[in-house]
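A closer look at the structure
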Amino acid sequence: MIVSTSSEIHARRTGAVARGVGSVLSSYVDRASGGTLTDVDGREWIDFAAGIAVTNVGNSAPAVVAAVREQVERFTHTCFMVTPYESYVAVCEQLNSLTPGGFEKRSALFNSGAEAVENAVKIARYATGRQAVIVFEHGYHGRTNLTMALTAKNMPYKHGFGPFAPEVYRAPMSYPLRDGLTGEQAAARAIDVITTQVGAQNVAAIVIEPIQGEGGFVVPAPGFLPALASWASANGALFVADEIQTGFCRTGDWFASEHEQVVPDLITTAKGIAGGLPLAAVTGRAEVMDAVHVGGLGGTYGGNPIACAAALASIETMRELDLAAAARRIGGVLTERLTTLADKYPQIAQVRGRGAMIAIELTKPGTLDPDPILTGAVNKVCHAAGLLTLTCGTWGNVFRFLPPLVISDDELDRGLTILDQALATTA
Ligand SMILES: *Cc1c(COP(=O)(O)O)cnc(C)c1O
């Protein structure tokens, strides 16, 4: 067997892969498990990214591997819209019972997060007979045409790709570090924009991430989400929680909405759902989901049987290993160590997040001026030293930590030591 090195593959890539598809590392993965990635040259990285909050149960989790193997030998695809199979139904049952809300629910399965968000908007418009969709500053919902319209940040997501879908309106977000408002005040500010610029009776849905992901791990002030959800319910609009990044134990509960007892009408999920296989879902109130005519929802691959088998095994693993508790424990370690770093480095303006979804925002010391240059430099030093970290944020000045929920204490500790050293040499 001829084994290529990362630099050989990278040279081929330039001539084969479209430039618009970027990568954080120029090393090519050979294998990954638990909290460690190994490239084709044998170099290792401690994984603080989990493939962007996807491998919550760890990479190649044993139960997922076994379930996929078993399914792939029975059948690989039939299309649920043509000849259905049980695992699709079983995933929907799991979603209906795990998501917040004691009412009757239904689910539909898709391939990607963006596709789930698009379908949530389709369903909300159909069920309410209204068109306007409210989204928020710093929000991220995907890269398709409709979800680009819902996403806030221009570069790299939207620049040059317009025109965007109409009837999408952006309201101000609660961003405690930068606005100093309480949740109630920030909600009143957003609701004022909605009522004066859109009109309550035109709103089909409010679509919001309970904790923003790509936008900078922005945790809204307590009370913000409940106030928006109760405004929606009082005004005939649907409250849609985009839990694609926050879902599946990531924040220490099955879903982040649970933290403030917010009960969304619809929830979108993807990323952590299937241990790395592509799967996404919309789950919500039966009367809303079932409003759509037969045949109105679907897609060739949506709820692929291999992805469904992986999802059932992932959910079982999350239950068995109590990965929600693991996320809370990881969050405790991260927060404590990062708070110590914040005392040491004045560039760390805030440590925030919940569970195993924690970030630090870097600014020029003593100000709120974002420092994306320092953030990028620290990131590069971490990568060179064997820690895979990701940045995020509207200004690119937020470091986010999203380890697999099965990461060992030792890996977590070594990763944080690398981060400390990277800050020491750069800050
Ligand atoms: C990643 C993400 C999406 C888009 O998911 P894809 O699978 O990349 O299409 C949508 N919403 C949120 C909150 C996300 O984090």
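Calculation criteria
- Residue indices begin from 1 for each chain and proceed along its sequence in written order.
- With pLDDT at 70 or above as the cut-off, local features in this predicted model cover only qualifying residues; side-chain atom pairs require 80 or more to be listed or tallied, and sums for whole chains, interfaces and linings still use all residues.
- Hydrogen atoms and water are omitted, and side-chain values are computed over all heavy atoms in the structure.
- When DSSP finds two or more bridges between two strands, those strands count as paired.
- Helix numbers and strand numbers start at the N terminus; a helix is a DSSP run of H or I with at least 4 residues, a strand a run of E with at least 2.
- The convention used is that axes are lines fitted to C-alpha atoms, helices contributing only their stretch in contact, and that angles between N-to-C directions extend from 0 to 180 degrees.
- Between two residues, a contact is recorded if the distance between any of their heavy atoms is within 4.5 Å.
- Given the number of residues in a helix, its expected span is that number minus one, multiplied by 1.5 Å.
- Any residue under 20% of the maximum accessible area for its type is buried, any over 50% is exposed, and the rest in between are partly exposed; the area is computed with a 1.4 Å probe on protein chains only.
- Working note: the arc is built from the helix axis to C-beta atom directions.
- A pair of cysteine sulfur atoms is labelled a disulfide when the two atoms are within 2.5 Å.
- One heavy atom within 4 Å of a molecule or strand is enough for the residue carrying it to be called near that molecule or strand.
- The term polar contact refers here to a pair of N or O atoms within 3.5 Å; inside protein, the definition further demands a hydrogen-donor-capable atom paired with an acceptor-capable atom, and it admits residues adjacent in sequence only when both atoms are side-chain atoms.
- A 1.4 Å probe and the Shrake-Rupley method give the accessible areas. Residues count as covered only by the protein chains that appear here.
- In this classification, Asp, Glu, Lys and Arg are treated as charged, Ala, Val, Leu, Ile, Met, Phe, Trp, Tyr, Cys and Pro as nonpolar, and every other residue, Gly included, as polar.
- We define a salt bridge as a side-chain nitrogen of Lys or Arg found within 4 Å of a carboxyl oxygen belonging to Asp or Glu.
- The source of the domain bounds is an automatic or database domain assignment.
- Throughout, the accessible surface (probe 1.4 Å) given up by two parts as they are put together, summed over both, is called the buried area.

**Comments concerning the sheet that holds strand 12 (residues 357-362)**
Read across the open sheet, the 4 strands follow the order 11-12-15-14; overall the sheet is antiparallel. The sheet is open, and its two borders are formed by strand 11 (348-354) and strand 14 (390-392), each paired with just one other strand. Looking at each pair of strands side by side, their axes are set apart by 30° on average, direction ignored. Pairing analysis gives 4 bridges linking strand 12 to strand 15 (residues 398-401), with the strands arranged antiparallel. Residue pairing for strand 15: Ile-358 is matched across the bridge by Phe-401. Taken strand by strand, helix 13 (residues 372-384) contacts strand 12, strand 14 and strand 15, and its axis lies near 40° from that of strand 15.

**Some remarks on helix 12 (residues 323-344)**
With 22 residues, helix 12 extends 31 Å between its outermost C-alpha atoms, agreeing within 8% with the 32 Å of an ideal straight helix rising 1.5 Å per residue. Regarding helix 12, the residues found buried are Leu-323, Ala-324, Ala-326, Ala-327, Ile-330, Gly-331, Leu-334, Leu-338 and Leu-341. Along the axis of helix 12, the buried residues cluster in a sector spanning 135°; they form a single face. Exposed positions of helix 12 whose direction lies more than 90 degrees from the buried face are Glu-336 and Asp-343. In this structure, the buried residues of helix 12 make contact with helix 11 (305-320), strand 11, strand 12, strand 15 and helix 14 (409-426).

**Side note on the state of the cysteines**
Put plainly, two cysteines are in a disulfide when a covalent bond ties their sulfur atoms together. All chains considered together, the criterion is met by 0 disulfides. You can see Cys-79 has no disulfide; the closest cysteine sulfur is in Cys-308, sitting 12 Å from it. By relative accessible area, which is 8% here, Cys-79 ends up buried. The closest cysteine sulfur to the non-disulfide-bonded Cys-382 is located on Cys-392, 14 Å from its own sulfur.

**Focus: unusual backbone geometry**
The step from Met-155 to Pro-156 runs through a cis peptide bond, and the omega angle for that step is 5°. Residue Pro-163 follows Gly-162 across a cis peptide bond; omega there is 5°. By the secondary structure assignment, Pro-163 is in the loop between helix 6 (145-150) and strand 6 (168-171). Positioned with a positive phi, Cys-249 is a non-glycine residue whose angle comes to about 75°. Backbone geometry places Gln-261, a non-glycine residue, at a positive phi of 55°.

**Some details on the site of the ligand**
As a matter of local geometry, the ligand sits amid Ser-112, Gly-113, Ala-114, Tyr-140, His-141, Gly-142, Glu-209, Asp-242, Ile-244, Gln-245 and Lys-271. One nitrogen or oxygen atom from the main chain of Ala-114 is found 2.8 Å from an oxygen atom belonging to the ligand. In the model, a nitrogen atom of the ligand is placed 3.4 Å from a nitrogen or oxygen of the Tyr-140 main chain. Relative to its unbound accessible surface of 380 Å², the ligand loses 82% to contact with the protein. Looking at the shell around the ligand residue by residue, the class counts come to 3 nonpolar, 5 polar and 3 charged.

**Details of the sheet that holds strand 10 (residues 280-285)**
One open sheet accounts for 7 strands, arranged 4-10-9-8-7-5-6; its pairing is mixed. Because the sheet does not close on itself, it has two edges, and the strands there are strand 4 (105-110) and strand 6. Taken pair by pair, the neighbouring strands of this sheet meet at an average axis angle of 20°, ignoring direction. Here 4 bridges tie strand 7 (residues 203-208) to strand 8 (residues 238-242), and the two strands are oriented parallel to one another. The partner of Ala-205 across the bridge, within strand 8, is Leu-238.

**Comments concerning the pairing of strand 11**
Looking at chain direction, strand 11 and strand 12 are connected through 6 bridges and run antiparallel. When the sheet's bridge partners are listed, Arg-352 is paired in strand 12 with Ala-359. Taking the residues between adjacent antiparallel strands as the criterion, strand 11 and strand 12 are bridged by 2 residues, where Gly-355 takes a positive phi near 60°.

**Observations concerning the pattern of salt bridges**
Pairing of side chains with opposite charge becomes possible as their charged atoms draw close. Tallied over the full model, the rule gives 14 salt bridges. The partner of Arg-31 in a salt bridge is Asp-30, and the shortest N-O contact between them spans 2.8 Å. Residue Arg-74 is joined to Glu-70 by a salt bridge in which the shortest nitrogen-to-oxygen separation is 3.4 Å. Placement of both Arg-74 and Glu-70 in helix 3 (residues 62-74) is noted, with a separation of 4 residues, approximately one turn of the helix. Taken together, the shared-partner salt bridges in this structure form one network comprising Glu-104, Arg-106 and Asp-290.

**Some words on the domain arrangement of the chain**
You can read the domains of the chain as domain 1 (6-60 + 322-426) and domain 2 (64-321). Placing the centre of domain 1 and that of domain 2 at their C-alpha centroids yields a distance of 25 Å. Across the boundary between the two partners, domain 1 contributes 41 residues, which contact 37 residues of domain 2. Broken down residue by residue, the surface that domain 1 buries against domain 2 is led by Val-57, Arg-354 and Met-357, which jointly contribute 25%.

**Observations concerning the side chain of Thr-283**
With respect to the element layout, Thr-283 can be found in strand 10. At 2.7 Å, the side chain of Thr-283 and the side chain of Ser-107 are in polar contact. Excluding residues within four positions of it along the chain, Thr-283 makes contact with Leu-95, Asn-96, Thr-99, Lys-105, Arg-106, Ser-107, Asp-265, Leu-266, Ile-267 and Met-289.

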